[in-house]
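# What the coordinates show
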Amino acid sequence: MANMMGVFLILLWIMNMVQPNIFQAEGVQVFPPVNFTLTVSALAEVFLHWKPNPNQEQKNYTIRYDVEIITPVSEEYDTKKTHTFRTAVLHNGFLARVRTLLLFNDLQMKSDWVMGELKPPLGAAETSVTNLSCVTYITIYSTVSLHCAWFPGKRAPEDTEYFLFYRYKTYTEECQDYIKGKWNRNIECRFSRTHIDPEEVDNLIVIHINGSSKYAAIKPFQQLFNQNAIEKVNVPRNVTVFLEQNDLLAKWEKPISSFPEECFEYEFCLCNLKSGSKQILKVSSNDFRLRIDVTGRYSIQIRANHYICCERGFWSDWSEILYVGGNKQEDSVAWILAVLCVSSCSIALLVAIIRKISHVWSKLLPPIPTPRNKFKDPFPNDYERARTCTSETETELGSFAEDFYSSALEDCVF
């Protein structure tokens, strides 16, 4: 009985507290805001602005505003200000509404909604770019580069030229380095250096691509990217591997990045060249130990990605292949045998080529035959003496014989 009486007293006290507020709020009308406007303040950014209704009673009420973004992405929030900024893609338009919230003690009263709309920009259907993809890289100088690629619209005329802009916070820049495709249209853009801060976490990068053509109005296209989600992480540095008894030990340094070591995870690729087996292991530190068969030979590669500190990006490329284990003597013998085999084959091929060339040469240029002497030497004895004696008489006879022989030879040949 006593418990029931206590509950009754509590309920009575609550009714006494709430009822005066209800009575005081009765007759109070909540009016919607006025002059609600939407303005494009930057690439993919809308400035929402309104004013309090002049008919709204102030008194001891607290006034806030409930804002709802309907398109392109649904979002609802409240604010005490009469303006707000929102980042959103605008190529399909922007629709939002706002209403007044009147707070009196624990009571909340709401006005009707006021609508605002931005129409989509003009442009023919299916002329805007498609399949837009972007990737960022952190350089050794702690700057960020940006590379984007896209496909032309299906109904874009052949003379369509596309132009890309990126916006990061309040900075906007147009691309100056394009790569052209099949129809000599821009399909890629590169910024070797941007204003993207490598130390920031999960900021948005706005990409805006518009176009021009003589035959159609090209519809612009926008897309938002998380700066860490499109980062191509750098390769781990100074990777070393070695054997310690029956264990494989590997160490490396974190990639070039402004983030500390604990922000990265790694994948360790171990391939047994003896058995052909391959395994990829996830590692959260920058060292690794694994029991292996030391009689085998292994190849090792490592790659990295963001881990805890920010949204994951693209995995880095694999590091250069490192080898460990195996019998070095067997490798040396195999290498020597391979060298000897290649050398023997090369020598045999060279000899065959030389013989082939000699055979062809002999066919093309046969030796000139020596003509036969059809006349007998009239002075055989004197000729022989002329070749062995030094007397003037014998020399003259020898000269006469030589002249006669030459004359006879000419008559024979010609």
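Described below are features of the structure shown in this document. Keep in mind it's a predicted model, so treat the numbers as computed, not measured.

Each value, and the rule that gives it
- Residues numbered from 1 in each chain as written.
- Predicted model: local features only at pLDDT ≥ 70, side-chain atom pairs only at ≥ 80, totals over all residues.
- Heavy atoms only, no water.
- Helix = DSSP H or I, 4+ residues; strand = E, 2+ residues; numbered from the N terminus.
- Buried < 20%, exposed > 50% of the residue type's maximum accessible area, 1.4 Å probe, protein only.
- Contact = heavy atoms within 4.5 Å.
- Areas by Shrake-Rupley, 256 points an atom, 1.4 Å probe, with all protein chains shown as cover.
- Pairing = 2+ DSSP bridges.
- Axes fitted to C-alpha atoms, helices over the stretch in contact; angles between N-to-C directions.
- 1 Å grid on protein atoms, 1.4 Å probe; cavity = no way out; pocket = protein on both sides within 12 Å on 5 of 7 lines; lining within 4 Å.
- Points joined across faces, edges and corners; volume = space filled by probe spheres on them.
- Nonpolar A, V, L, I, M, F, W, Y, C, P; charged D, E, K, R; others polar.
- Core = buried A, V, L, I, M, F, W, Y, C linked by side-chain atoms within 4.5 Å.
- Polar contact = N/O pair within 3.5 Å; in protein donor to acceptor, adjacent residues only side chain to side chain.

## Let's talk about the overall build of the chain
What the chain contains, in helices and strands, is four helices and 23 strands. When burial is assessed residue by residue, the chain has 34% of its 414 residues classed as buried. Counting contacts in the chain only where the partners sit at least 6 residues apart, residues at least 24 apart contribute 62% of the total. For the chain, the exposed area adds up to about 26600 Å²; of that, 56% sits on carbon and sulfur atoms.

## What to know about the pairing of strand β22 (residues 297-306)
In terms of burial, β22 is a largely internal element, eight of the ten residues being buried. Direction of pairing for strand β19 (residues 264-272) relative to β22: antiparallel, over a ladder of nine bridges. Within the sheet, the bridge partner assigned to C271 lies in β22 and is S299. Pairing analysis gives four bridges linking β22 to strand β23 (residues 322-325), with the strands arranged antiparallel. In the strand pairing of β23, Y298 is matched with V324.

## Looking at the sheet that holds strand β11 (residues 161-168)
In space, the four strands of this open sheet follow the order β12-β11-β15-β16, with antiparallel pairing throughout. Looking at the sheet topology across the chains shown, the edges are occupied by β12 (171-174) and β16 (221-226). Neighbour-to-neighbour, the strand axes of the sheet open up by a mean angle of 20 degrees, direction not taken into account. In this structure, strand β15 (residues 204-212) lies alongside β16, joined through six bridges in antiparallel fashion. Bridging across to β16, I209 finds its partner in F221.

## With respect to the sheet that holds β23
Sheet architecture is open: four strands sit in the order β20-β19-β22-β23, paired in antiparallel fashion. Every other strand in the sheet has two partners, leaving β20 (278-283) and β23 as the edge strands with one partner each. Sheet twist, expressed as the mean angle between neighbouring strand axes with direction ignored, is 25 degrees. Relative to β20, β19 runs antiparallel, the two being bridged by six bridges. Paired with E267 across the bridge in β20 is K282.

## Thoughts on empty space enclosed by the protein
One pass over the structure, following the stated rule, counts one cavity of 30 Å³ or more. What the largest cavity holds in volume is close to 60 Å³. Along its surface, the largest cavity is lined by T136, I138, V144, I196, P198, Q227, N228 and E231. Looking at side-chain class alone, the lining of the largest cavity contains four nonpolar, three polar and one charged residues.

## Focus on the nonpolar core
By size, the foremost hydrophobic cluster in this structure holds 24 residues, and its most contacted members are L132, C134, C148, W150, L164, I207 and I209. For this core, the secondary structure elements donating two or more residues are β9 (130-138), β10 (144-151), β11, β14 (186-191), β15 and β16. When residues no more than four places from it in sequence are discounted, the contact partners of L164 are C148, W150, E173, E174, C175, Y178, C189, F191, I207, H208 and I209. The next biggest cluster of nonpolar side chains, apart from the first, holds 21 residues, and it includes A250, C263, Y266 and Y298.

## Structural notes on the environment of Y61
Take Y61: it is sitting in the loop between β2 (45-51) and β3 (62-71). Note on Y61: relative accessible area 14%, which makes it buried. In this structure the C-alpha to C-alpha distance between Y61 and L102, which are 41 residues apart in sequence, comes to 6.4 Å.

## Some words on the side chain of E68
Structurally, the position occupied by E68 is in strand β3. A relative accessible area of 15% means that E68 is categorised as buried. Side chain to side chain, E68 and R97 meet in a polar contact 2.8 Å long. What E68 contacts, discounting residues up to four positions off in sequence, is E75, E76, A96, R97 and W113.

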